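Listed here are the chains, written in short residue letters.
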Amino acid sequence: MDFKIIHKDTHSRARCGLLTLERGTIETPIFMPVGTQGSVKSLSPQELDECGAQIILGNAYHLYLRPGLQIIEESGGLHKFISWPKPILTDSGGYQIFSLALLRKVKDEGVLFQSHLDGARHLLTPEDVVRIQNVLGSDISMPLDECVSYPASFEQAQKAVERTTLWALRSKKEFEKRKQGILFGIAQGSTYKDLRKRSINELLEIGFDGYAIGGLSVGEPQDLRYNILHFAIDDFPSGSPRYMMGVGLPEDILEAVSMGVDMFDCVVPTRYGRNGTAFTSQGKLTVRNGEFAHDQRPLDEKCGCTCCRNFSRAYLRHLFNAGEILGIRLVSYHNIYFFLHLMREARLAIREDRFSAFKENFMARCE
RNA sequence: GGGGACGUCGCUUAGCCUGGUUUAAGGCCCUUGAUUGUCGAUCAAGUGAUCGUGGGUUCAAAUCCCAUCGUCCCCG
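The following refers to the structure shown. (Residues numbered from 1 in each chain as written. Chains lettered and ligands numbered in written order. Predicted model: local features only at pLDDT ≥ 70, side-chain atom pairs only at ≥ 80, totals over all residues.)

### Quick look at the protein's contact with RNA strand B
The full set close to RNA strand B counts 41 residues, and Cys147, Gly246, Gly248, Thr270 and Asn289 are the nearest of them. Mapped by element, the contributors of at least two residues to the surface near RNA strand B are α5 (94-99), β14 (263-266), α11 (268-274) and α14 (325-351). Top element by residues in the surface near RNA strand B is α11. It accounts for 5 residues. Of the residues that constitute the surface near RNA strand B, the class distribution is 15 nonpolar, 17 polar and 9 charged. (Near = placed C-beta within 6 Å. Helix = DSSP H or I, 4+ residues; strand = E, 2+ residues; numbered from the N terminus. Nonpolar A, V, L, I, M, F, W, Y, C, P; charged D, E, K, R; others polar.)

Dropping the structure here:
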């Protein structure tokens, strides 16, 4: 693995980089579409490619429970199974165990939980989670971490940081046995600055290929989120990729890019797509709204995606009102294209030292 | 021709027997928000019916009575 910073914006802390992995080189800052169960919901790999996707996410927890490792192994690994030859980052499933599982018991050994699918009990250790991602064939693996919700008491957050560090160390040891792909560390600490500092410093001692900031965008107010990010990112080594997990809306991403974050993933483009909200250069557009019933314009007149080149707001609104699958697909496609195009433009703006203006301009147009 | 059942927002039901806490309730649809390591989910808010129509009884009627119109069923 190799991470090169090719340019730093002169007026912000945004930077452009190239992260080289075995299956390809990705340009940062980058947005990674989320394909939890081995599918970026409603989109084919070919469509993702058309949109400009360079890397997508999978989820160890979901894929381990279904279809199970054996089937993926028989299929020659996750890339072959889902027919996506480019890089895949797999999330550990730590977040899901805390958000989805019916019951869970966190012990230092690992997490004992009941599957949200069938109620079966499983114990997953940090070692298991690394091994699962090894079987999947992940290009970037994420360790099991403990993500606390907001608000969390200092004691809860502290306990989670301690456990996350302990698990990070064990994950690293397990990872070293095979060294397949690369492994990131995940910093926690909720909204407590001293915990944030402690968490990243403990990860740095262990040493990872990249560093993720987790536990944000879990319900905290926006200004607090930016405040914590701004503070925490200082301790992330500038020579390694920085990944903000689960974020976010376009404005959140641009704000984080300006603080020096390199990688993002978020369900928003596809989730909003399924629920009929499109992201456009003028802000969000709720396709179902009655005002679009007779609107012959595309979702975004400045967008060059297949959806915008072929379909009207009136038609898309009809598809949603009629419950047609195509509506979900088209708006999801547009949203993914929009996010990836936004990142392309952001990278260009950074290289031309005009990222701050680009960001301000985007925010202003979305008002 | 005879008998019966039923008419309450766009759809579908509750309320009627035992009149008053009904500014008529719920579900679906519709409208508008929310949605951040997934959610074809879910949540929140909102529009919408003078209770088929006309009389009557009563202090008071969706509710009781009469007539009428409409729909459906059964018997000839």
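### Concerning the sheet that holds strand β10 (residues 140-141)
Spatial strand order, β4-β14-β13-β12-β11-β10-β6-β5: 8 strands in an open sheet with parallel pairing. With one partner strand each, in any of the chains shown, β4 (30-33) and β5 (56-59) form the two edges of the open sheet. As paired elements, strand β12 (residues 210-213) and strand β13 (residues 242-244) share 3 bridges and run parallel to each other. Looking at β13, one finds that Ala212 is bridged to Tyr243. (Pairing = 2+ DSSP bridges.)

### A word on the nonpolar core
With 102 residues, the main nonpolar core has Met32, Ile56, Phe184, Ala212, Met244 and Ala346 as its most contacted residues. Take this core: its biggest share by element is 14 residues, from α14. Viewed by domain, this core spans two of them, domain 1 (29-265) and domain 2 (267-367), each represented by three or more residues. When residues no more than four places from it in sequence are discounted, the contact partners of Met244 are Ile213, Leu216, Ala256, Val261 and Phe264. Counting 8 residues, the second largest nonpolar core, distinct from the first, contains Tyr95, Val148, Ala157 and Val161. (Core = buried A, V, L, I, M, F, W, Y, C linked by C-beta atoms within 7 Å. Buried ≥ 20, exposed ≤ 12 C-beta atoms within 10 Å, placed from the backbone. Domains from an automatic or database assignment. Contact = placed C-beta atoms within 7 Å.)

### Focus: the environment of Ile132
Structurally, Ile132 is set in helix α6 (residues 126-136). Along the backbone, Ile132 and His122 are 10 residues apart, and their C-alpha atoms lie at a distance of 14 Å. Apart from the residues within four sequence positions on either side, Ile132 is in contact with Ala60, Tyr64 and Leu69.

### Regarding the pairing of β4
Residues Ile30 and Met32 line one face of β4 and the alternating positions Phe31 and Pro33 line the opposite face, and both faces are buried. Here β4 pairs with β14 via 4 bridges, running parallel. Bridge pairing in β14 links Pro33 to Cys266.

### Comments concerning the pairing of strand β2 (residues 15-21)
Along β2, 5 of the 7 residues are buried, which leaves the element largely enclosed by surrounding structure. Sheet topology note: the strand β1 (residues 2-8)/β2 ladder contains 6 bridges and is antiparallel. When the bridges of β2 are listed, Lys4 appears paired with Leu18. Counting the residues that bridge the hairpin from β1 to β2 gives 6 residues.

### Notes on unusual backbone geometry
Here the amide bond leading from Thr28 into Pro29 is cis, since omega sits at 0°, within 30 degrees of zero. As for its placement among the helices and strands, Pro29 is situated in the loop between β3 (24-28) and β4. Even without a glycine there, the phi angle at Ser190 is positive, about 50°. Relative to the assigned elements, Ser190 resides in the loop between β11 (182-187) and α8 (193-206).

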